[in-house]
Amino acid sequence: MSSALTDLLPHPIVQAPMAGGVSVPRLAAAVCEAGGLGFLAAGYKTADGMYQEIKQLRGMTSRPFGVNLFMPQPEYAETGAVEVYAHQLAGEAAWYETELGDPDSGRDDGYDAKLAVLLDNPVPVVSFHFGVPGRDALESLRRAGTFTLVTATTAEEAIAVERAGADAVIVQGVEAGGHQGTHRDVPENDGSGIGLLSLIAQVREAVSLPLVAAGGLMRGSQVAAVLAAGAGAAQLGTAFLATPESGAADVHKQALTNPLFARTELTRAFSGRPARGLVNRFLREHGPYAPAAYPEVHHLTSPLRKAAAKAGDAQGMALWAGQGHRMARDLPAGQLVEVLAAELDAARTALSERGGR
């Protein structure tokens with residue numbers, strides 16, 4: 001693993017950036033203070049909103065932290081499909097007594113403005129989702145002293161990350177909760193995601209970059225497994241979503257271990273891009289018909305999701321969760337880092353003892 005990254009975190013544990021209000025400063029600060037790498041999620045925020053959170057986090061910890069950016073998305077041509085989906089969602093809008101959102105609310109997530117803020121006010125780590133930034137952007141961040149990571153879901157994507165000049169690659173297995181960070185949204189590839197351990201092996205043979213492993217990780221023993229497979233650190237999202245410091249709605253946190261929500265699926269129902277969430281009514285009813293249109297569908301359903309959350313209705317919310325969600329623990333974030341580190345040490349000791357026999 002690159003010493004530039006390992007120097008940033010005493011424990012090889014990264015708190016995944018979860019957009020939509022989950023990865024708040026208090027969560028990132030608690031993880032950083034415990035020896036992990038906390039992340040802020042800039043997705044769906046304005047550049048100033050991101051900057052204000054960075055300032056807040058800096059007031060809570062002096063430890064290194066990261067900020068995650070969403071890459072701008074290409075134009076979507078089939079507006080008719082979005083209009084049809086809006087018609088299908090009319091009953092949801094009536095039920096929650098709200099209007100549907102404007103699907104044309106923006107495609108670039110304020111990327112250029114956010115990048116400018118991060119160049120003017122450098123942070124230790126920046127990661128990217130939904131594509132690869134240009135070489136110039138990565139070089140500019142490097143000159144500013146920022147370590148850069150880019151998500152990849154295939155070996156081919158990891159090669160593109162290396163060619164662009166990123167410092168490390170986040171290897172995201174299909175087990176991961178929330179959005180798959182595919183560089184191109186190809187509907188024909190739905191359901192063809194690669195499991196994390198297989199993906200780590202493939203990416204290790206394809207690139208020389210350090211790897212951060214992500215996807216369904218909930219225990220220190222799993223962290224030990226991905227480190228043994230070749231990753232230098234593990235990124236966990238759902239495990240931290242359940243903590244008191246997380247900004248997730250209480251009904252979302254409770255759903256992770258509620259027997260009513262027994263499994264997860266990848267769906268386009270809420271955003272138009274494949275994302276893994278707990279199977280609920282909204283996902284079952286609308287997932288089969290949702291078009292491959294991100295971020296149009298995200299904007300369209302945003303008022304519905306907010307109204308469902310306000311009503312405490314888990315059946316209408318985007319309950320993002322990885323495949324290990326039933327293993328979620330109601331622990332403070334800092335304590336969770338300590339428990340994961342202890343489990344990791346125990347797993348390493350056990351492996352070492354077996355190897356010595």
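Provided above is the structure to which this section pertains.
The structure presented is a predicted model; accordingly, all values stated were derived computationally and were not measured.

S.K.: Tell me what's going on with the side chain of Arg276, and back it up with residues and numbers.
M.R.: Structurally, Arg276 is set in strand S11 (residues 275-278). One buried charged residue, Arg276, remains without a salt bridge, the closest side chain of opposite sign being Glu175 at 7.1 Å. Side chain to side chain, Arg276 and Thr264 meet in a polar contact 3.1 Å long. Once residues lying within four places of it in the same chain are set aside, the contact partners of Arg276 are Val174, Glu175, Ala176, Gly177, Gly178, Thr264, Glu265, Leu266, Trp320, Ala321, Gly322 and Gln323.

S.K.: Lay out the sheet that holds strand S7 (residues 178-179) with the relevant residues and their values.
M.R.: With antiparallel pairing, three strands are arranged side by side in an open sheet as S7-S11-S10. The open sheet is flanked by S7 and strand S10 (264-267), the only strands paired with a single partner. Summarising the sheet, S10 and S11 pair through four bridges and their orientation is antiparallel. Among the inter-strand pairings, Thr267 is bridged to a residue of S11, identified as Ala275.

S.K.: I'd like to hear about the packing of helix H2 (residues 25-33) against helix H15 (residues 333-355), residue by residue, with values.
M.R.: Between H2 and H15, whose axes approach to 7 Å, the crossing angle comes to 35 degrees. Remark: the crossing between H2 and H15 carries right-handed chirality. Contacts between H2 and H15 pair Leu27, Ala30 and Val31 from the former with Ala333, Gly334 and Val337 from the latter. Residues of the contact of H2 with H15, tallied by class, amount to five nonpolar, one polar and no charged.

Parameters and conventions
Residues numbered from 1 in each chain as written. Predicted model: local features only at pLDDT ≥ 70, side-chain atom pairs only at ≥ 80, totals over all residues. Heavy atoms only, no water. Helix = DSSP H or I, 4+ residues; strand = E, 2+ residues; numbered from the N terminus. Buried < 20%, exposed > 50% of the residue type's maximum accessible area, 1.4 Å probe, protein only. Lys, Arg positive; Asp, Glu negative; His and termini not counted. Salt bridge = Lys/Arg side-chain N within 4 Å of Asp/Glu carboxyl O. Polar contact = N/O pair within 3.5 Å; in protein donor to acceptor, adjacent residues only side chain to side chain. Contact = heavy atoms within 4.5 Å. Pairing = 2+ DSSP bridges. Axes fitted to C-alpha atoms, helices over the stretch in contact; angles between N-to-C directions. Left-handed = near helix turned anticlockwise from the far one by under 90°. Nonpolar A, V, L, I, M, F, W, Y, C, P; charged D, E, K, R; others polar.

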